[in-house]
Amino acid sequence: MPLDRGPSPLRPPILGATSPYRRFEGMSPVDNDVHPVIHAGRVAVITGAASGIGRAAAIELAKSGLKLALADNMADVLAATGKEVAAIVGDANVLVIPTDVSKIEEVVRLRDKVYEAWGEVAVLLNNAAIGPNSKSWQMLDNWTNIFAINVFGVINVQQTFVPSMLHQENQAMVINTGSKQGITNPPGNPAYNASKAAVKSLTEGLAHELRERPACNVTAHLFIPGWTFTGLTARSGAEKPAGAWSAEETVLYMLDRVRVGEFYILCPDNEARREIDQLRIMWAAADVAEGRPALSRWHKDWKSLFEEYLRDGLAAME
């Protein structure tokens, strides 16, 4: 299968879900039914596991028979999730370890407990994140807290776990949770957007370094949820909007795509299908390539042009 060397004009054509220029870095299954990483008896570590996507991932991986180490800084909620997961996979196969990923010493303690108990990590889901409000020249404390969890939390976990994972005999994967907001940068929460843009960049760097390492058994993947109904995105007590996916739908999509080795796991939702996301991403990239105003998609002089571009792009795919 060819490498990613497709055409790159200013407004390249958007291909469908299957591209002749896509290269999968997937690991060959042991057989038709068993994946070398996501299968019974192996070990998953999930940060931000107490609720939302982290909780949903814990439940789905437990259903596949994996052992689960669950980490979050919300100890009470985490304990409840741990009981739910233990009901699926058994108490002996669940570790509940309250952890603040912004503190390297707590991440080291998490790693030590996991390796002491089970001696390996097959799936490292680096998922912990927060999203309080921010403004570009205000709310410095929120900026500091967002970057401490969303960026340095990911870095702390990566720096602590990956060196041990590299020396394991069996294959393993690192899945970092990003966001479409880190790619298209919609107005509203610049600190969160910037933190997720950093996660995209550092995960790309990790994937390259792992790929270049001789005989490396660890791969990296960027998990990019769509509009997902979680505590991070919804007010307490609110009902799930029709356009949003549930955390369970998002996790199931992610696991399907990571099993075949995709790096960019760009999740759709009930409002934006993959083709819309592709067009939005290409428009955002063209802001730089064509020298347009920042975030031209939302600029009063460019908004109508973007809407025309979106209509034409979708029509061309019919």
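Residues numbered from 1 in each chain as written. Predicted model: local features only at pLDDT ≥ 70, side-chain atom pairs only at ≥ 80, totals over all residues. Heavy atoms only, no water.

- Going by the annotation in an unreviewed UniProt entry, the name recorded for the protein chain is NAD(P)-binding protein, with Leucogyrophana mollusca given as the source organism.

## Focus: the overall build of the protein chain
Part 1: The number of helices and strands found in the protein chain is ten helices and nine strands.
Part 2: By residue count, 45% of the 318 residues in the protein chain fall in the buried class.
Part 3: For the protein chain, contacts bridging at least 24 residues in sequence account for 66% of all contacts bridging at least 6.
Part 4: Per element, the accessible surface of the protein chain, about 15800 Å² overall, is 52% carbon and sulfur. (Helix = DSSP H or I, 4+ residues; strand = E, 2+ residues; numbered from the N terminus. Buried < 20%, exposed > 50% of the residue type's maximum accessible area, 1.4 Å probe, protein only. Contact = heavy atoms within 4.5 Å. Areas by Shrake-Rupley, 256 points an atom, 1.4 Å probe, with all protein chains shown as cover.)

## A few points about the sheet that holds strand β1 (residues 43-47)
Part 1: Reading across the sheet, the seven strands line up as β3-β2-β1-β4-β5-β6-β9 and stay open at both edges, with parallel pairing between neighbours. Unpaired on one side and paired on the other, β3 (94-98) and β9 (264-266) mark the two borders of the sheet. Sheet twist, expressed as the mean angle between neighbouring strand axes with direction ignored, is 15°.
Part 2: Of the strand pairs in this sheet, strand β4 (residues 123-126) and strand β5 (residues 172-177) are connected by four bridges, and their pairing is parallel. Bridging from a neighbouring strand, V123 pairs with M173 of β5. (Pairing = 2+ DSSP bridges. Axes fitted to C-alpha atoms, helices over the stretch in contact; angles between N-to-C directions.)

## Some words on unusual backbone geometry
Part 1: Of note in the backbone geometry, N185 takes a positive phi value of approximately 60° without being a glycine.
Part 2: For N185, a relative accessible area of 33% translates into the label partly exposed.
Part 3: At A215, a position not held by glycine, the phi torsion is positive, near 55°.
Part 4: Relative to the assigned elements, A215 resides in the loop between α7 (190-212) and β6 (218-224).

## Observations regarding the packing of helix α5 (residues 152-166) against α7
Part 1: Two elements in contact, α5 and α7, have axes whose closest approach is 12 Å; the angle formed by their N-to-C orientations is 15°. Regarding the angle of α5 to α7, the classification is roughly parallel. In terms of crossing hand, the pair formed by α5 and α7 is right-handed. Residue-level contacts link V154, I155, Q158, V162 and L166 of α5 to V199, L202, L206 and L210 of α7.
Part 2: Counted by class, the contact of α5 with α7 contains eight nonpolar, one polar and no charged residues. (Parallel < 35°, antiparallel > 145°, perpendicular 65-115°, else oblique. Left-handed = near helix turned anticlockwise from the far one by under 90°. Nonpolar A, V, L, I, M, F, W, Y, C, P; charged D, E, K, R; others polar.)

## Observations concerning the side chain of D287
Part 1: Topologically, D287 is positioned in helix α9 (residues 274-289).
Part 2: If near-sequence neighbours (up to four positions away) are discounted, D287 is found in contact with R292, P293, A294, L295 and S296.

## Regarding the nonpolar core
As a rule of thumb, nonpolar side chains are buried together in soluble globular proteins.
Part 1: Counting 34 residues, the largest nonpolar core has I38, I46, L68, L70, V85 and V123 as its most contacted members.
Part 2: Contributing elements (two or more residues each) for this core: β1, α1 (52-63), β2 (67-72), α2 (75-89), β4, β5 and α8 (247-259).
Part 3: Other than its neighbours up to four places away in sequence, I46 contacts G54, A57, A58, L61, L68, A69, L70, A71 and L125. (Core = buried A, V, L, I, M, F, W, Y, C linked by side-chain atoms within 4.5 Å.)

## With respect to the packing of helix α4 (residues 140-150) against α7
Packed helices, taken two at a time, are described by their axes: the angle between them and the distance between them.
Part 1: Viewed as axis vectors pointing N to C, α4 and α7 meet at an angle of 25°, and their least axial separation amounts to 9 Å. The angle between the axes of α4 and α7 places the two elements in the roughly parallel class. At the point where α4 passes α7, the crossing takes the right-handed sense. Side by side, α4 and α7 meet where W143, I146, F147 and N150 of the first sit next to P190, A191, Y192, A194, S195, K196 and V199 of the second.
Part 2: Of the residues contributing to the contact of α4 with α7, the split by class is eight nonpolar, two polar and one charged.

## Brief notes about the packing of aromatic side chains
Two measures describe an aromatic ring pair: the distance that separates the ring centres and the angle between the ring planes.
Part 1: According to the stated counting rule, one finds six aromatic pairs in the structure shown.
Part 2: Taking the centre distance of 5.4 Å and the plane angle of 75° together, the rings of W283 and F306 count as edge-to-face. Of this pair, W283 sits in helix α9 while F306 sits in helix α10 (residues 303-317), placing them 23 residues apart in sequence.
Part 3: Among the residues examined, W283 registers a relative accessible area of 2% and is labelled buried.
Part 4: For F306, a relative accessible area of 6% translates into the label buried.
Part 5: A ring pair is formed by W283 and Y309, whose centres lie 5.0 Å apart and whose planes are at 50°; its orientation type is tilted. Highlighted residues: W283 in helix α9 and Y309 in helix α10, separated in sequence by 26 residues.
Part 6: Since its relative accessible area comes to 13%, Y309 is described here as buried.
Part 7: The rings of W283, F306 and Y309 are connected pair by pair, giving a single aromatic cluster.
Part 8: Over the ring of W283 we find R292, and its NZ or CZ is 3.7 Å from the ring centre. (Phe/Tyr/Trp six-rings, centres within 6.5 Å; stacked < 30°, edge-to-face > 60°. Lys NZ or Arg CZ within 6 Å of the ring centre and 35° of its normal.)

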